[in-house]
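The residues making up each chain are set out below.
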Amino acid sequence: MCGIIGYTGSDSAQARIIEGLRKLEYRGYDSAGIALVEEAKKPLLIAKRAGKLANLEEALTKESRASAGIGHTRWATHGGPTDMNAHPHADETGKVAVIHNGIIENYLELKHELEIRGHKFKSETDTESVAFLLADELKKTGNLASAMRAICKRLKGSFTLLAVDSDNPRIIVGARRNSPLVVGVGKGENYLASDVSAFIAFTKSALELGQDQVVEVSPEKVEVTDLDGRIVTPHAYEITWDSKAAERGGFKHFMLKEIYEQPKAVADTLLGRIKGEKVELAELKDIKIDFERILILACGTAFHAGLIGKYALEEWTHTPVDVELASEFRYRKPVLSNKTLVITISQSGETMDTLMALRHAKSLGATTISICNTIGSTIPRESDAVLYTHAGPEIAVASTKALLTQIIAIYLIALNFGERKGIKLPNMTGELLELPNKIQKILETVEPLREMTRGYKDATSVLFLGRHVGYPAALEGALKLKELAYMHAEGFAGGELKHGPIALIENGTPVIAIVPPASSEIAAKMISNIEEVRARGARVIAIADSSFNLEIPEIIRIPKSHELLQPILSIVPLQVFAYEMSLLKGNDVDQPRNLAKSVTVE
Ligand code: AGP
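A short tour of the structure in this document, coming up. Nothing here was measured: the structure is a model prediction, and the numbers come from that model.

**A look at the nonpolar core**
Next, step 1: With 91 residues, the main nonpolar core has Ile 343, Tyr 411, Ile 413, Leu 432 and Leu 481 as its most contacted residues.
Next, step 2: Considering every element that reaches this core, the biggest residue donor is helix H12 (residues 401-420), with twelve residues.
Next, step 3: The contact partners of Leu 432, leaving out residues within four places of it in the chain, are Leu 270, Ile 274, Ile 408, Tyr 411, Leu 412, Leu 415 and Leu 565.
Next, step 4: Among the nonpolar cores identified, the runner-up in size contains 29 residues, and Tyr 107, Leu 134, Leu 144 and Cys 152 belong to it.

Dropping the structure here:
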């Protein structure tokens, strides 16, 4: 979603802001803009353009002398990606400028009121209403932070706002509700940003802002208050990721880097949580285990992690588990109680659908745990407990290492809760600890798959087949191909083929089959499914361990593992297949069209 950065210090604000926006490009955007406070009492210098950052840089014909300013990359929600709709938005005099991430749900009501006051709107955005509202309030209070507090009380919906006022050249004011905002604390300079990537190259000291808080920064000072002006002490933390971690590290794309980081991401997520045959999760020690039902809520790839985790969670905690799309749950009237444990899964911790579903579940009395990869983000902050995955920054829009670590997190929760419930469990800790090496082995032997992918470049559709835990893996394989290669793809449960989908099979139809270990009770059924589609002309690629001995031309071997852990291995070739296909299609691997890394609108 939108990228936001504010800088105030002694260096060139233009240079720092443009560099920060470049680090935020991965969030997905379709226009960019900047507002610089050059001189007190003079109108702000504002430049904004549709398209990529390069268009904005072209518009900045000379280096500004400003030492404070705000910058924005926009992912369109209200109004198309045009120069006029790009942020910042300013009042008619150019004295106040605002940038915004989120959606102001009552902007039309505000717009109507502001038009009656005589304001002339030029854009189709919800944010322009905020700019005029803030300018009018500033006339009353004479202080930007007080004006911001006042208008936040009138805004409904989600927002990260940054504002500058040409009468106070070194001050930037920010506010947040349901949308990320973090303070970067430097020496004689300070940053406000939507995430730490924007300023990590300059400082690793950060302050976490809470819901409905307003922050005022100058080069020397950071002041945080609630909406009533009461001073708040924000949580300070040191960022553990260095800027290299957020760089590509020599890989061609972030996605490839993150695929190859999976062994370490899984190892780091297991680190310190396995003691012998036991799983210890200090983060969840206060969660009562008297729940009668578990409900997992998530979106996209995180939803697939939930579908995979369900099998182990049910088996190891003897508790019914449902997995539901957050965007669907949000508008249902579900029957929950304080005996329902809700687990949300979100890499970014800012996905609006998941955040709103979490709130809905909390309002119905559920206990909530979040599985998240982004420290200090909104979803974990609003959960009763959080189990962080330690995958490191996931920059590519297509989620890879976050998925594997989300599945690991669910398995850790299942084993920990099962142990606490006194359930006799299989000894899984050894198997879990072997996963990083097994993933590494796949990555070292996956070269033939890159070649094999070329044979499917012109396919019009690719089908993915799986059963039991292999079925959600098939869904994930299809999603990866859709979002990266822009190809039609569909995941099926093997047992469903005969109920309709087999009509799709014709000569040459590509089918990727995720084959369970031969010891599985569904192994024979999966073999039958493969034979059924091959008999009708399908070209099958099997993802299988060495126990699979069907004579078919294209097999990608994965190491043997416990059946419930197999998706963690079988998904890796599916990621590589989609990556290779994206390359063959000449697509933007790290920022596929129409997609954003964190969907912070509903
Ligand atoms: C997956 O490759 C996509 N990037 C998308 O489905 C993503 O998993 C989904 O939007 C959820 O994001 P989150 O994990 O940050 O909540």
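**Focus: the packing of aromatic side chains**
Next, step 1: Counted by the stated rule, this structure contains eight aromatic pairs.
Next, step 2: An angle of 65° between the planes, with centres 6.2 Å apart, marks the rings of Tyr 456 and Phe 577 as edge-to-face. One end of the pair, Tyr 456, is in the loop between helix H14 (447-454) and strand E22 (461-466); the other, Phe 577, is in helix H17 (residues 566-585), with 121 residues separating them in the sequence.
Next, step 3: Taking relative accessible area as the criterion, Tyr 456 reaches 3% and is therefore assigned buried.
Next, step 4: Among the residues examined, Phe 577 registers a relative accessible area of 2% and is labelled buried.
Next, step 5: In this structure an aromatic cluster arises from ring pairing among Tyr 7, Tyr 191, Phe 199 and Phe 202.
Next, step 6: The lysine or arginine in question, Arg 16, covers the ring of Phe 202, its NZ or CZ lying 4.0 Å from the ring centre.
Next, step 7: The ring centre of Tyr 456 lies 4.0 Å from the NZ or CZ of Arg 539, which sits over that ring.

**Quick word on the layout of surface pockets**
Empty space among the atoms can be located by rolling a probe the size of a water molecule over them.
Next, step 1: There is about 900 Å³ of room inside the largest pocket.
Next, step 2: Going through the elements one at a time, strand E14 (235-238), helix H7 (262-270) and helix H11 (378-381) are the ones with two or more residues in the lining of the largest pocket.
Next, step 3: Counting residues per element, the lining of the largest pocket draws most heavily on H7, which supplies three residues.
Next, step 4: Among the residues forming the lining of the largest pocket, the class breakdown is 16 nonpolar, 14 polar and 13 charged.
Next, step 5: For the lining of the second largest pocket, the secondary structure elements donating two or more residues are helix H8 (300-317), strand E19 (340-346), helix H10 (352-363) and helix H15 (470-485).
Next, step 6: Of the residues forming the lining of the second largest pocket, the biggest block, five residues, is contributed by H8.

**Examining unusual backbone geometry**
Next, step 1: That bond from His 87 to Pro 88 is cis: its omega, 10°, falls within 30 degrees of zero.
Next, step 2: Along the chain, Pro 88 turns up in the loop between strand E4 (68-74) and strand E5 (89-90).
Next, step 3: Positive phi, normally seen in glycine, also occurs at His 468, with a value near 55°.
Next, step 4: At Asn 594, a residue that is not glycine, the phi angle is positive and equals roughly 70°.
Next, step 5: For Asn 594, a relative accessible area of 67% corresponds to the exposed category.

**Examining the packing of H7 against H12**
Next, step 1: H12 packs onto H7 with a crossing angle of 25° between their chain directions and a minimal axis gap of 9 Å. Our classification of the angle between H7 and H12 gives roughly parallel. Like other packed secondary-structure pairs, H7 and H12 cross with a definite hand, here right-handed. On H12, the residues touching Gln 262, Ala 265, Val 266, Thr 269 and Leu 270 of H7 are Lys 401, Leu 404, Thr 405, Ile 408 and Leu 412.
Next, step 2: Taken together, the residues of the contact of H7 with H12 sort by class into six nonpolar, three polar and one charged.

Parameters at a glance
Residues numbered from 1 in each chain as written. Predicted model: local features only at pLDDT ≥ 70, side-chain atom pairs only at ≥ 80, totals over all residues. Heavy atoms only, no water. Core = buried A, V, L, I, M, F, W, Y, C linked by side-chain atoms within 4.5 Å. Buried < 20%, exposed > 50% of the residue type's maximum accessible area, 1.4 Å probe, protein only. Helix = DSSP H or I, 4+ residues; strand = E, 2+ residues; numbered from the N terminus. Contact = heavy atoms within 4.5 Å. Phe/Tyr/Trp six-rings, centres within 6.5 Å; stacked < 30°, edge-to-face > 60°. Lys NZ or Arg CZ within 6 Å of the ring centre and 35° of its normal. 1 Å grid on protein atoms, 1.4 Å probe; cavity = no way out; pocket = protein on both sides within 12 Å on 5 of 7 lines; lining within 4 Å. Points joined across faces, edges and corners; volume = space filled by probe spheres on them. Nonpolar A, V, L, I, M, F, W, Y, C, P; charged D, E, K, R; others polar. Axes fitted to C-alpha atoms, helices over the stretch in contact; angles between N-to-C directions. Parallel < 35°, antiparallel > 145°, perpendicular 65-115°, else oblique. Left-handed = near helix turned anticlockwise from the far one by under 90°.

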